[in-house]
Amino acid sequence: EVQLVESGGGLVQAGGSLRLSCAASGFTFDDYAIGWFRQAPGKEREGVSCISGGDGRTYYADSVKGRFTISSDNAKNTVYLQMNSLKPEDTAIYYCARGLTRATMIPLPKLFGSWGQGTQVTVSS
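Residues numbered from 1 in each chain as written. Predicted model: local features only at pLDDT ≥ 70, side-chain atom pairs only at ≥ 80, totals over all residues. Heavy atoms only, no water.

Caption draft 1: Fine view of the nonpolar core. Of all hydrophobic cores here, the largest spans 28 residues; its most connected members are Ile 34, Trp 36, Phe 68, Val 79, Leu 81, Met 83 and Tyr 94. Among the secondary structure elements, those contributing two or more residues to this core are strand E3 (18-25), strand E4 (34-39), strand E5 (46-51), strand E7 (68-73), strand E8 (78-83), strand E9 (92-99) and strand E11 (119-124). Considering each element in turn, this core owes the most residues, four residues, to E3. One finds Phe 37, Ala 97, Met 105 and Phe 112 within the second-largest nonpolar core, a separate group that totals six residues. (Core = buried A, V, L, I, M, F, W, Y, C linked by side-chain atoms within 4.5 Å. Buried < 20%, exposed > 50% of the residue type's maximum accessible area, 1.4 Å probe, protein only. Helix = DSSP H or I, 4+ residues; strand = E, 2+ residues; numbered from the N terminus.)

Printed below as a string of structure tokens:
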């Protein structure tokens, strides 16, 4: 019943912006952190950002800090990732996932589950 669905990816020029959405259902949204991850061809899946379910604490990977912003709309059970100043190296499939415990806050792939199908982000130079 737990389900996460990503949307909002697309093709954008370097320096442009995209806003990704992660729509959640099947669990008490406020109780769990939601993380954003990405996987580029030939690379390991890596954590991008994370937001806690209740108090709004956030985490950002150094590679995106200052460019990406994670936010949550609890009434809509949706987490967003606003991506600005995009670079070609941001090109990847972006996934959202739920923390395996209520305490999870660091976006390590092994600590998250219920993965969505992903949405492709392509940044051209």
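More follows now that the structure is in view.
Caption draft 2: How the structure looks around the environment of Asp 55. Looking at the element boundaries, Asp 55 is found in the loop between E5 and strand E6 (58-60). With a relative accessible area of 54%, Asp 55 lands in the exposed category. In this structure the side chain of Asp 55 is engaged in a polar contact, spanning 2.3 Å, whose partner is the side chain of Ser 52. A distance of 3.1 Å separates polar atoms of two side chains, one belonging to Asp 55 and the other to Arg 57. (Polar contact = N/O pair within 3.5 Å; in protein donor to acceptor, adjacent residues only side chain to side chain.)

Caption draft 3: Just unusual backbone geometry, in detail. Positioned with a positive phi, Ser 85 is a non-glycine residue whose angle comes to about 50°. Of the residues examined, Ser 85 reaches a relative accessible area of 41% and is grouped as partly exposed. The phi dihedral of Ser 114 is positive, around 55°, even though this residue is not glycine. Among the secondary structure elements, Ser 114 is positioned in the loop between strand E10 (112-113) and E11. On the basis of relative accessible area, Ser 114 is assigned to the partly exposed category, the value being 30%.

Caption draft 4: Just the side chain of Thr 119, in detail. Inspection of the secondary structure puts Thr 119 in strand E11. Taking the relative accessible area as the measure of exposure, Thr 119 reaches 9% and is therefore buried. When near neighbours in sequence (up to four residues on either side) are disregarded, Thr 119 contacts Glu 6, Ser 7, Gly 8, Gly 9, Leu 20, Ala 92, Ile 93 and Tyr 94. (Contact = heavy atoms within 4.5 Å.)

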